[in-house]
Amino acid sequence: LPLLGHVSIHLNIYGPPSIIRTQRNKATAHHLGLLKARLAKLRRELITPKGGAGAATGEGFDVAKTGDARIGFVGFPSVGKSTLLSNLAGVYSEVAAYEFTTLTTVPGVIRYKGAKIQLLDLPGIIEGAKDGKGRGRQVIAVARTCNLILIVLDVLKPLGHKKLIEHELEGFGIRLNKQPPNIGFKRKDKGGINFTATCAQSELDGETVKSILAEYKIHNADITLRSDSTADDLIDVVEGNRVYVPCIYVLNKIDQISIEELDIIYKVPHCVPISAHHRWNFDDLLERMWDYLRLVRIYTKPKGQLPDYTSPVVLPDGHTAVEDFCLKIHKNLLKELKYALVWGSSVKHNPQKVGKDHVMDDEDVIQLVKK
């Protein structure tokens, strides 16, 4: 980052030297928190492109969103992303023995358990992608819009690649397999920083929180820590542009390793070993993808007919109320709704008369009654 015109510091993969060298204890926590906040702010300025509305955007990279969910394949060049897409979705994505065969996003669609899932084969990313190397920024920007990220790794290459890709995605505000931090943050016009912690904190105290917020020029806010949080968690909440995406590590090319090595790989969390070329273990991968996407299928039943089990309405977990179901079909449907009849595990009697706030479970059957 160019500072003071002629001095420049380079962002090391693990952080600047001052953070690495600092001993970690209660006395230095305040200093470290301040450094991390400053770093996050500078990183954000690095990521957001300079130039106003007139700046050229370059060739478009994103693909129109279709289906019920979107899965992106991220990985280094030549790990088998295109082969995996071709064999999963039957879409031809150019495959060759040299790196960077795929130069733009190649979409494909699969149908699984009645849901339409869009797969995106993204170009390979390289170290330094988050800083704009090798069009990495556009690739990671598309990855931000996915409901699930598959990090495709070559089983013969070192596991350090997994760390590098995670670091590239983290640097762009994507948090993998994490829940948003349980921190309440509300800006105010006056009244100073009001800090409350509902449980014991190992890293943050009132002074550190104030200094991190001061770095963002926030001097009036309510902060509530509902779990043991770190300075990074607080920075994520204040930045507010983080996306929390589930992620599966797909270890490809298992046809080239021994059974003993395969047993070890299976113990790694969030990992699925496959062979894209021989189509080995695809069923396990599809099942794992379905679990991580957490989609809910709702079957429809026209009056006086049997339920239609072939084409369910698919809703994301957490948005499965009757209201969400109506809005998914058409926004005018909600105005005409009198009540709904639901069969399934979310009701006590079959059928049960419910209102628009009733939350449905997977594979429930619904019949809407209009006014």
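Residues numbered from 1 in each chain as written. Predicted model: local features only at pLDDT ≥ 70, side-chain atom pairs only at ≥ 80, totals over all residues. Heavy atoms only, no water.

Undergrad: So what exactly am I meant to see when it comes to the nonpolar core here?
TA: Buried together is how nonpolar side chains tend to be arranged in soluble globular proteins. One finds Ile 71, Phe 73, Leu 84, Leu 119, Ile 149, Ile 151 and Met 289 to be the most contacted residues of the largest nonpolar core, which totals 60 residues. With seven residues, helix α9 (residues 282–293) is the single largest residue contributor to this core. Contacts of Ile 71, omitting those with residues within four sequence positions, involve Ile 117, Gln 118, Leu 119, Leu 120, Cys 146, Leu 148, Leu 150, Met 289 and Leu 293. (Core = buried A, V, L, I, M, F, W, Y, C linked by side-chain atoms within 4.5 Å. Buried < 20%, exposed > 50% of the residue type's maximum accessible area, 1.4 Å probe, protein only. Helix = DSSP H or I, 4+ residues; strand = E, 2+ residues; numbered from the N terminus. Contact = heavy atoms within 4.5 Å.)

Undergrad: Just checking my understanding: could you explain the sheet that holds strand β5 (residues 115–121) for this structure?
TA: Backbone-to-backbone hydrogen bonds join strands into a sheet, with any given pair of strands oriented parallel or antiparallel. An order of β4-β5-β3-β6-β12-β13 is seen for the six strands of this open sheet, with the pairing classed as mixed. The sheet terminates laterally at β4 (106–112) and β13 (271–273), the two strands that pair on one side only. When the angles between neighbouring strand axes are averaged without regard to direction, this sheet yields 25°. Pairing between strand β12 (residues 247–252) and β13: three bridges, direction parallel. Each bridged residue has a counterpart across the sheet, and for Val 250 the counterpart in β13 is Val 272. Each of β3 (69–74), β6 (148–154) and β12 touches helix α5 (residues 160–170); the most contacted strand, β6, lies at about 150° to it. (Pairing = 2+ DSSP bridges. Axes fitted to C-alpha atoms, helices over the stretch in contact; angles between N-to-C directions.)

Undergrad: Help me out: how do you make sense of the pattern of salt bridges in this one?
TA: Pairing is possible between side chains that carry opposite charge, provided their charged atoms lie close to one another. One pass over the full model with this rule turns up 16 salt bridges. In this structure, Glu 287 and Lys 113 form a salt bridge, with 3.2 Å as the shortest nitrogen-oxygen distance. Taken together, the residues Glu 287 in helix α9 and Lys 113 in the loop between β4 and β5 connect sequence positions 174 residues apart. One salt bridge in this structure joins Glu 170 and Arg 175, with 3.7 Å as the shortest N-O distance. (Salt bridge = Lys/Arg side-chain N within 4 Å of Asp/Glu carboxyl O.)

Undergrad: I would appreciate a short explanation of the packing of helix α3 (residues 81–89) against α9 in the present structure.
TA: Two quantities define a packed helix pair, namely the angle between the helix axes and the distance between the axes. Running from N to C, α3 and α9 point in directions that differ by 90°, and their axes come no closer than 12 Å. Comparing the axis directions of α3 and α9 gives the class roughly perpendicular. Contacts from Leu 84, Asn 87 and Leu 88 in α3 reach Phe 282, Leu 285 and Leu 286 in α9. Residues belonging to the contact of α3 with α9 are distributed by class as follows: five nonpolar, one polar and no charged. (Parallel < 35°, antiparallel > 145°, perpendicular 65-115°, else oblique. Nonpolar A, V, L, I, M, F, W, Y, C, P; charged D, E, K, R; others polar.)

Undergrad: How should I be thinking about helix α10 (residues 322–329) in this particular structure?
TA: Given 3.6 residues per turn, any residue in an α-helix points the same way as the ones three and four places further on. Val 322, Phe 325 and Cys 326 are the residues of α10 that are buried. Viewed end-on, α10 has its buried residues packed into an arc of 95°, placing them on one side of the element. (Arc of directions from axis to C-beta.)

Undergrad: So what exactly am I meant to see when it comes to the confidence of the model for the protein chain here?
TA: When pLDDT is low, close inspection of the predicted coordinates is not appropriate. On average, the protein chain scores 79 in pLDDT, and the residues at 70 or more come to 84%. Per-residue pLDDT, averaged within each element of the protein chain, yields its smallest value for strand β2 (residues 7–8) (39) and its largest for strand β14 (residues 295–300) (89). With pLDDT under 50 throughout, residues 1–11 is counted as low confidence; its partners more than four residues away or in other chains account for 11 contacts. In this model, residues 52–58 is a region of pLDDT below 50 whose contacts with residues beyond four sequence positions or in other chains number one contact. (pLDDT = per-residue confidence, 0-100.)

Undergrad: Could you clarify how one ought to interpret the side chain of Glu 239 in this entry?
TA: On the secondary structure map, Glu 239 appears in helix α7 (residues 231–239). At 2.8 Å, the side chain of Glu 239 and the side chain of Tyr 216 are in polar contact. Look past the residues within four positions of Glu 239 in its chain and what remains in contact with it is Ala 40, Lys 41, Arg 44 and Tyr 216. (Polar contact = N/O pair within 3.5 Å; in protein donor to acceptor, adjacent residues only side chain to side chain.)

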